[in-house]
Amino acid sequence: GENVEQHPSTLSVQEGDSAVIKCTYSDSASNYFPWYKQELGKGPQLIIDIRSNVGEKKDQRIAVTLNKTAKHFSLHITETQPEDSAVYFCAASGGTASKLTFGTGTRLQVTL
Amino acid sequence: SAVISQKPSRDICQRGTSLTIQCQVDSQVTMMFWYRQQPGQSLTLIATANQGSEATYESGFVIDKFPISRPNLTFSTLTVSNMSPEDSSIYLCSVKSYNEQFFGPGTRLTVL
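Here's what I pulled together on the structure shown here. (Residues numbered from 1 in each chain as written. Chains lettered and ligands numbered in written order. Predicted model: local features only at pLDDT ≥ 70, side-chain atom pairs only at ≥ 80, totals over all residues. Heavy atoms only, no water.)

### A closer look at the overall build of chain B
Worth spelling out the cut-off: Strands here mean DSSP runs of E at least two residues long; helices mean DSSP runs of H or I at least four residues long; both are numbered from the N terminus. Between buried and exposed lies partly exposed: a residue is buried under 20% and exposed over 50% of the maximum accessible area for its type, with that area taken using a 1.4 Å probe on protein chains only. Pairs of residues are marked as contacts when any of their non-hydrogen atoms sit within 4.5 Å. In this description, accessible areas are obtained by the Shrake-Rupley approach with a 1.4 Å probe, and a residue is regarded as covered only by the protein chains that are shown. Asp and Glu count as negative and Lys and Arg as positive, but His and the ends of the chain are not part of the count. Here the site of a charge means NZ on Lys, CZ on Arg, CG on Asp, or CD on Glu.
If you tally the helices and strands in chain B, you get zero helices and eleven strands. Across chain B, helices and strands are ordered from the amino to the carboxyl terminus as β-β-β-β-β-β-β-β-β-β-β. Taking the principal axes of its C-alpha atoms as reference, chain B extends roughly 40 × 25 × 20 Å. For chain B, the residues scored as buried account for 51% of the 112 residues in total. Pairs at least 24 apart in sequence give 53% of the contacts found in chain B among residues at least 6 apart. Accessible area of chain B: about 5400 Å², with a carbon and sulfur share of 48%. Averaged over its 8 positive side-chain charges, chain B has a centre that lies 6 Å from the centre of its 8 negative ones.

Pasting the structure below:
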C-alpha cells in the first residue's frame, strides 16, 4: 500500500517569511496529492491539490510542486501570516476510487 | 465544495456505552468516509460508507465495534460501541465531491 512521509513535524517561521513542507510517497501509481490545513478544534480544510499531469500549481500565497520521478511533493507558503498557524497534512491517492493516505502532519507556527 | 455537518460536536461518555455520530452533507455524494484522529495524530480511515450496502472496513476496524449506516446519498451515521477510554478521539466524516475530498468539523469524543 501507499506510504506517505512528511517533514518537518514542526516549523516555526517569522511573519512574512516563507514556509516549506515536504512529503514523499511510495506508490508510483499515486496521481492525486491534496494538502489540508487543520486549525485547533476544526476539521481538515482542503487548501490546494495537484494531480500528476502538472508539476506546479499556485493559489495566491500557496503553491504546491510535484516531482513524479523522485516521488515527492511540497507545499510552499509565502509571506506567512499569523493566521497561517495550523497543522498541515499532505496526502496521496492513486485515482478517483482509491482512498487517501495521509502524512503525519506539520505544525506550523508563525511568530510576530 | 461540499458542506458537511456533524452531530454531536463533542461528547463525554462512560465506558461500556455507545454513541452514534451523525453526518449530513448539503449535496448528494457518491462516496462518504469515516476517519478517526487520535490526539496529536494524523487521520486514519475507519471505513467507507456505502449507500444501500454494508460499509467497507479498513484493517483493524470491525463492524461490531463501529457499525455504520448510509440510508441515502446525503446522510450517514457512525456508532462507537461498548466504548473504552482508548476510543477517545476525534471522529471525522468525509465526502468525495467532484474528485476532491472534504471533511466535516469532527466529533470530539472523551470516554471516561
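### A few points about the pairing of strand E4 (residues 32-38) of chain A
All names here are of chain A. The condition is simple: Whether two strands pair depends on DSSP finding at least two bridges between them.
With seven of seven residues buried, E4 is to be regarded as a mostly interior element. Of the two faces of E4, the one carrying Tyr32, Pro34, Tyr36 and Gln38 and the one carrying Phe33, Trp35 and Lys37 are both buried. By the bridge criterion, four bridges tie E4 to strand E9 (residues 86-92) in an arrangement that is antiparallel. Among the inter-strand pairings, Lys37 is bridged to a residue of E9, identified as Tyr88.

### With respect to the pairing of strand E10 (residues 100-103) of chain B
All names here are of chain B. Pairing geometry for strand E9 (residues 89-97) and E10, over four bridges, is antiparallel. Each bridged residue has a counterpart across the sheet, and for Ser94 the counterpart in E10 is Phe103. Counted along the chain from E9 to the antiparallel partner E10, the turn is two residues long, and its residue Tyr98 has a positive phi close to 50 degrees.

### Quick word on the packing of aromatic side chains
Heads up, the rule is: Stacked, tilted and edge-to-face are the three classes assigned to paired rings of Phe, Tyr and Trp, where Trp is represented by its six-membered ring and a pair needs centres within 6.5 Å; plane angles under 30 degrees give stacked, over 60 edge-to-face, the rest tilted.
In this structure the tally under the stated criterion is twelve aromatic pairs over all chains. A ring pair is formed by Phe102 of chain A and Phe103 of chain B, whose centres lie 5.9 Å apart and whose planes are at 70 degrees; its orientation type is edge-to-face. Taken together, the residues Phe102 of chain A in strand E10 (residues 101-102) and Phe103 of chain B in strand E10 connect one chain to another. When sorted by exposure, Phe102 of chain A lands in the same class as Phe103 of chain B, which is buried. Through a chain of ring-to-ring contacts, the aromatic side chains of Tyr36 and Phe102 of chain A together with Phe33, Tyr35 and Phe103 of chain B assemble into a single cluster.

### Remarks on the state of the cysteines
Here is the idea: a disulfide is a covalent bond, and it sits between the sulfur atoms of two cysteines. Residue and element names in this part refer to chain A. Quick reminder of the rule: Any two cysteine sulfur atoms lying within 2.5 Å of each other are counted as a disulfide.
On inspection of all chains with the given rule, the structure shows two disulfides over all chains. Disulfide pairing is shown between Cys23 and Cys90; the S-S distance is 1.9 Å. With the S-S bond torsion at -100 degrees, the cross-link from Cys23 to Cys90 turns out left-handed. In this pair, Cys23 is assigned in strand E3 (residues 19-25) and Cys90 in strand E9, connecting sequence segments 67 residues apart. Comparing Cys23 with Cys90 shows no difference in burial state: the two are buried.

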